[in-house]
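Per-entry structural report
One-letter residues, chain by chain:
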Amino acid sequence: MSSNFKRREFLRLAGLSLGLGMSRSLVRGADDSEVHSVPREHIGYPQFGKLPLVRASQDRIVKETVGLRPFRDSGPNLGHERIGDKSVFHNYGHGGSGWSLSWGTSAQVTTEALTSGAQQFAVIGCGAIGLTSAILLQRAGKIVTIYCKERHPNITSSVATGVWSPDSRICLKDHATDAFAAWWNTTCRTSFKLYQSFLGLPGSPIEWVDSYAVSNQPWDAERPKDPNDTQPEYGHFRDYVQDLTPRFVDLDKSQNPFREPYARKGSRMIFNISTYHQTLLREFTSLGGHLVHRDFQNPAQFAELAEPVVINATGLGSKTLFDDKQMHPVRGQLTVLIPQPELNYSFSNNDAYVIPRRDGVVIGSSKNGIIDSTNLEVDPEQSFNAVAAIAQSMTKSKIAKA
Ligand SMILES: Cc1cc2nc3c(=O)[nH]c(=O)nc-3n(C[C@H](O)[C@H](O)[C@H](O)COP(=O)(O)OP(=O)(O)OC[C@H]3O[C@@H](n4cnc5c(N)ncnc54)[C@H](O)[C@@H]3O)c2cc1C
């Protein structure tokens with residue numbers, strides 16, 4: 001028996017027994033028996049408050065999704081070219097940061113596109129990037145039509161985790177130059193600022209939640225590289241924007257309600273994708289926008305459009321449409337549990353993370369990215385293990401015992 005198999009079998013059995021344990025201890029509804037006081041005195045967080053449990057059990061799974069992140073080696077293509085008599089402005093290749101950076105790259109691309117002086121624009125693609133590009137053009141008073149072959153919920157944007165993750169798989173480490181970092185910093189700040197205007201709207205398209213991270217090892221402990229991990233080294237830039245979001249602080253033993261010895265608390269901006277998508281679509285149509293179904297086989301077909309200026313926001317579609325050899329799919333799988341309206345914090349341990357979205361409690365594995373995989377089949381074992389890993393933290397935590 002290979003060590004891999006043994007590990008998988010162990011996880012499966014561990015998960016199974018936890019799953020059964022969960023059905024006794026957690027499937028009781030969101031009453032006070034699941035909500036327990038934790039210490040209030042906490043640096044910077046006087047209202048530490050009460051923590052509801054994540055009801056992580058296999059029988060609460062309502063959806064499993066697989067998406068392909070549109071990753072590009074040197075970062076998003078925001079270039080401009082002429083194709084026939086059309087001016088084409090690219091806006092694709094955002095990897096695992098598409099929602100987060102959408103307003104930033106779309107602001108840059110549309111500002112350039114507006115210098116054309118055109119009154120009518122075509123946007124190809126109706127994901128995070130196409131919608132934000134279209135809305136920014138409309139806010140500048142222009143007439144916009146979106147052309148796309150698929151739309152929500154059948155696009156990559158619909159199967160994202162939904163968190164502010166602006167440097168997730170945004171370029172390869174080899175391309176992480178100072179110039180790229182400077183560009184990313186500005187783009188990230190523009191996007192962040194625009195996002196704040198969606199807070200407090202009906203249905204909470206965007207909201208802030210508390211966020212806990214726990215670990216079995218000290219945070220600075222060397223983690224052995226997983227020999228099965230085929231991920232390339234990506235560029236990381238988060239340190240440039242530390243001032244934008246509240247910092248994580250370490251919890252001491254008396255403040256840590258979880259079973260793992262190391263815990264941190266911070267805040268996180270999350271995107272409730274169903275509501276947020278509806279909010280964007282509503283703004284687009286209320287500003288006179290039209291959506292047209294169209295599947296482009298090659299860029300020469302842009303010539304058939306009435307609009308003189310085209311924004312290309314086709315995500316991974318640009319790999320084939322423009323034969324862009326820098327583009328790679330990066331597979332990611334998520335498991336969605338029945339929504340828990342009382343759940344007001346995100347959580348991660350060494351193996352998995354939870355996002356308390358209004359449209360479902362989203363759970364992902366911490367190893368959630370396979371480059372160059374186009375496999376859209378759900379891996380049930382990955383899903384099972386991710387839920388089991390969260391169940392383990394919950395059932396053994398002080399909040400579960402109290
Ligand atoms: C599992 C997973 C988790 C993620 N989590 C996050 C996260 O938490 N935060 C975050 O910021 N990002 C996240 N991402 C990344 C994010 O989802 C993407 O970067 C983003 O969705 C890209 O948006 P897009 O508009 O470029 O592409 P898409 O959403 O794929 O939209 C492309 C559009 O172009 C259209 N199109 C393509 N080709 C053609 C063609 N030939 N003709 C006509 N139309 C065409 C499509 O039909 C579609 O409408 C995640 C991705 C995955 C897979």
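All values derive from a computational prediction rather than experimental measurement. (Residues numbered from 1 in each chain as written. Predicted model: local features only at pLDDT ≥ 70, side-chain atom pairs only at ≥ 80, totals over all residues. Heavy atoms only, no water.)

What follows covers helix α3 (residues 128-139). For α3, with 12 residues, the first-to-last C-alpha span of 17 Å sits near the 16 Å given by 1.5 Å per residue. Taken across its 12 residues, α3 has 11 buried, putting it largely inside the fold. Among the residues of α3, those classed as buried are A128, I129, G130, L131, T132, S133, A134, I135, L136, L137 and Q138. Summarising the contacts, the buried residues of α3 are in contact with α2 (98-114), β6 (120-124), β7 (143-148), α5 (273-286) and β12 (309-312). Backbone geometry just after α3 places G141 at a positive phi near 90°. (Helix = DSSP H or I, 4+ residues; strand = E, 2+ residues; numbered from the N terminus. Expected span 1.5 Å × (residues − 1). Buried < 20%, exposed > 50% of the residue type's maximum accessible area, 1.4 Å probe, protein only. Contact = heavy atoms within 4.5 Å.)

Under the criterion given, the structure shown has 19 aromatic pairs. Arranged with centres 6.3 Å apart and planes meeting at 35°, the rings of F271 and Y276 form a pair that is tilted. Here F271 and Y276 have matching classes, each one buried. Put simply, the rings of W99, W103, W164, F192, Y195, F198, W208, F271 and Y276 pair up and form one aromatic cluster. (Phe/Tyr/Trp six-rings, centres within 6.5 Å; stacked < 30°, edge-to-face > 60°.)

Our focus in this paragraph is the site of the ligand. With respect to spatial proximity, 36 residues lie near the ligand, and among them G95, S100, E150, S157 and V163 are the closest. A distance of 2.7 Å separates an oxygen atom of the ligand from a polar atom in the side chain of S100. Note that a nitrogen atom of the ligand is positioned 3.1 Å from one of the backbone N or O atoms of K149. Its free accessible area being 1,000 Å², the ligand has 97% of it covered by the protein chains. No other element matches the 4 residues that strand β3 (residues 61-72) contributes to the shell around the ligand. Here the residues of the shell around the ligand sort into 14 nonpolar, 17 polar and 5 charged. (Near = heavy atom within 4 Å. Polar contact = N/O pair within 3.5 Å; in protein donor to acceptor, adjacent residues only side chain to side chain. Areas by Shrake-Rupley, 256 points an atom, 1.4 Å probe, with all protein chains shown as cover. Nonpolar A, V, L, I, M, F, W, Y, C, P; charged D, E, K, R; others polar.)

Any two side chains of opposite charge can pair, on the condition that their charged atoms come close. Applying the stated criterion across every chain yields a total of 12 salt bridges. The salt bridge partner of R259 is E260, with a shortest N-O separation of 3.4 Å. (Salt bridge = Lys/Arg side-chain N within 4 Å of Asp/Glu carboxyl O.)

There is about 150 Å³ of room inside the second largest pocket. As for the second largest pocket, its lining consists of 14 residues, and the residues nearest its centre are K63, T65, S158, V159 and R357. Elements that contribute at least two residues to the lining of the second largest pocket include exactly β3, α5 and β13 (327-337). In the lining of the second largest pocket, the residues fall into 7 nonpolar, 4 polar and 3 charged. (1 Å grid on protein atoms, 1.4 Å probe; cavity = no way out; pocket = protein on both sides within 12 Å on 5 of 7 lines; lining within 4 Å. Points joined across faces, edges and corners; volume = space filled by probe spheres on them.)

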